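Report on the structure
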Number of protein chains: 2
Amino acid sequence: MQISSRFSVAVHVLSLLALQQEDDVLLTSERMAGSVNTNPVVIRRILGQLKKAGLVEVRPASGGTFLTRRPADISLLAVYRAVEVVAEGHLFSVHDKPNPACPVGRNIQAALDDTLQRAQTAMEQVLAGATLQHVTTDILAKTAATG
Amino acid sequence: MQISSRFSVAVHVLSLLALQQEDDVLLTSERMAGSVNTNPVVIRRILGQLKKAGLVEVRPASGGTFLTRRPADISLLAVYRAVEVVAEGHLFSVHDKPNPACPVGRNIQAALDDTLQRAQTAMEQVLAGATLQHVTTDILAKTAATG
DNA sequence: CTTTTTGTAACTATCGTGGTTACACTGCTA
DNA sequence: TAGCAGTGTAACCACGATAGTTACAAAAAG
């Protein structure tokens, strides 16, 4: 099982917002959906989560959507947490209720927990070290290169 | 979405095998299921994957199951790979088919790929650094401590 | 007041998981 | 060699998450 694409869609949407021109046409959920190639409702749902996390501000009516911070101040970990693709601290699921009458069953959870936690943290630290700025810079570089 | 418990069950089963006494009663899928607290078929399915990965040897009939290597030579990453909880190199799923007519849509996948790959690798490196031996040692220590 | 867009609810299809039953096959053992 | 304990697997089910879709009320801006 993989981590939901909500995360990559969220980064995509935030990149669009980060690169949006002041004088450009407003970025509606419909336009974003066009770039992501999905349904506007899917975008609005994710936008709702990003809003709840304080990453974006959405103006209802014919308003538009904007970042609340500079791209350099938005880490991919913040986005990852915002869309809740993985419940905090539970990347790995461990079978609950092993048999307490067995030494292994009684202690396996505790014996595994430390390692799994470290594995998860190692992954998240990489996300913490990357920002939306890095992504958009990369996109601009690639756009310039390939036309 | 989390990583399947197949992984933790596999480590549980391997721990049972590692700690099994020579003169002990044979570890059947039924007994292991008793310790994990699940159905024997679930155990057999996982044993099948561990066997395919060359981590255990299973003697059909009234045979029993054994590790093919010493616990110190079985990394948790090998177990993780064996049970295929995550397709190799694809911990994160990225939305396919973004709009190629949009600069962001055209380059988001490549722009994200490097970071996501590093995040995944960081996680796997922690698993690579832990062995079945570490787990069983920990279990024995906890068993001795709590009785 | 009309128009545009957001916010949500509700429903759907699809997929992975984990549990369960059923049964053929294997190989020891009496 | 017949019996039987245990494995290997197929088939099916229930459950939950995902992602897509339709529908519509609520919000503002003109």
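Rules of the game
- Residues numbered from 1 in each chain as written.
- Chains lettered and ligands numbered in written order.
- Predicted model: local features only at pLDDT ≥ 70, side-chain atom pairs only at ≥ 80, totals over all residues.
- Heavy atoms only, no water.
- Phe/Tyr/Trp six-rings, centres within 6.5 Å; stacked < 30°, edge-to-face > 60°.
- Helix = DSSP H or I, 4+ residues; strand = E, 2+ residues; numbered from the N terminus.
- Buried < 20%, exposed > 50% of the residue type's maximum accessible area, 1.4 Å probe, protein only.
- Least-squares fit on C-alpha atoms with pLDDT ≥ 70 in both.
- Contact = heavy atoms within 4.5 Å.
- Buried area = accessible area lost by both parts, 1.4 Å probe.
- Salt bridge = Lys/Arg side-chain N within 4 Å of Asp/Glu carboxyl O.
- Polar contact = N/O pair within 3.5 Å; in protein donor to acceptor, adjacent residues only side chain to side chain.
- Nonpolar A, V, L, I, M, F, W, Y, C, P; charged D, E, K, R; others polar.
- Near = heavy atom within 4 Å.

Under an unreviewed UniProt entry, the name given to chain A is Rrf2 family transcriptional regulator, and the source organism is Hymenobacter lucidus.

**Details of the packing of aromatic side chains**
Following the criterion strictly, the structure yields four aromatic pairs over all chains and no others. An angle of 40° between the planes, with centres 5.8 Å apart, marks the rings of F7 of chain A and F92 of chain B as tilted. Taken together, the positions of F7 of chain A in helix α1 (residues 6–19) and F92 of chain B in the loop between α4 (76–82) and α5 (103–128) put the pair across two chains. The exposure classification of F7 of chain A matches that of F92 of chain B, with both residues buried. Between F7 of chain B and Y80 of chain B, the ring centres sit 5.8 Å apart and the planes meet at 90°, which makes this aromatic pair edge-to-face. In this pair, F7 of chain B sits in helix α1 (residues 6–19) while Y80 of chain B sits in helix α4, placing the two residues 73 residues apart along the sequence. Look at Y80 of chain B and you get buried, because its relative accessible area is 2%. Among the aromatic residues, those joined into a cluster by ring pairs are F7 and Y80 of chain A together with F92 of chain B.

**Here we look at the relation of the copies chain A and chain B**
If you rotate chain A by 180° and push it 0.0 Å along the axis, it lands on chain B with an RMSD of 0.0 Å. Interpreted geometrically, this transformation is the action of a two-fold axis. Closest to the rotation axis within chain A is the C-alpha of M123 of chain A, separated from it by 2.4 Å.

**A short note on the interface of chain A and chain B**
Taken together, the contact between chain A and chain B spans 56 residues of the former and 56 residues of the latter. With both chains or domains summed, chain A and chain B bury close to 4600 Å², and 66% of this area falls on carbon and sulfur atoms. Taken together, the connections running from chain A to chain B amount to zero salt bridges. Counting across the interface, chain A meets chain B through 20 residue pairs in polar contact (both at pLDDT 80 or more). Contributing elements (two or more residues each) for the side of chain A that touches chain B: α1, α2 (29–36), α4 (76–82), α5 (103–128) and α6 (132–146) of chain A. No other element matches the 18 residues that α5 of chain A contributes to the side of chain A that touches chain B. Across the side of chain A that touches chain B, the residue classes break down as 32 nonpolar, 19 polar and five charged.

**Regarding the protein's contact with DNA strand D**
In the neighbourhood of DNA strand D, 22 residues make up the surrounding shell, with S4, S5, T38 and R45 of chain A together with K51 of chain B lying closest. Considering the 4 Å shell around the protein, atoms of DNA strand D inside it are sugar or phosphate in 62% of instances. In the environment of DNA strand D, a phosphate oxygen lies 2.8 Å from a nitrogen or oxygen atom belonging to the side chain of S4 of chain A. Interatomic distance of 2.8 Å between a side-chain N/O atom of R44 of chain B and a base oxygen of DNA strand D. Every element with two or more residues in the surface near DNA strand D is listed here: α3 (40–52) of chain A together with α3 (40–52) of chain B.

**With respect to the protein's contact with DNA strand C**
The local shell around DNA strand C holds 20 residues, among which K51 of chain A together with S4, S5, T38 and R45 of chain B are the closest. Counting only atoms of DNA strand C within 4 Å of the protein, the fraction found in sugar and phosphate groups is 63%. Side-chain polar atom of R44 of chain A to a base oxygen of DNA strand C: 2.8 Å apart, as the coordinates give it. The side chain of R6 of chain B places a nitrogen or oxygen atom 3.4 Å from a phosphate oxygen of DNA strand C. Looking at the surface near DNA strand C, the elements that each hand over two or more residues are α3 of chain A together with α3 of chain B. For the surface near DNA strand C, the per-class residue count stands at eight nonpolar, seven polar and five charged.

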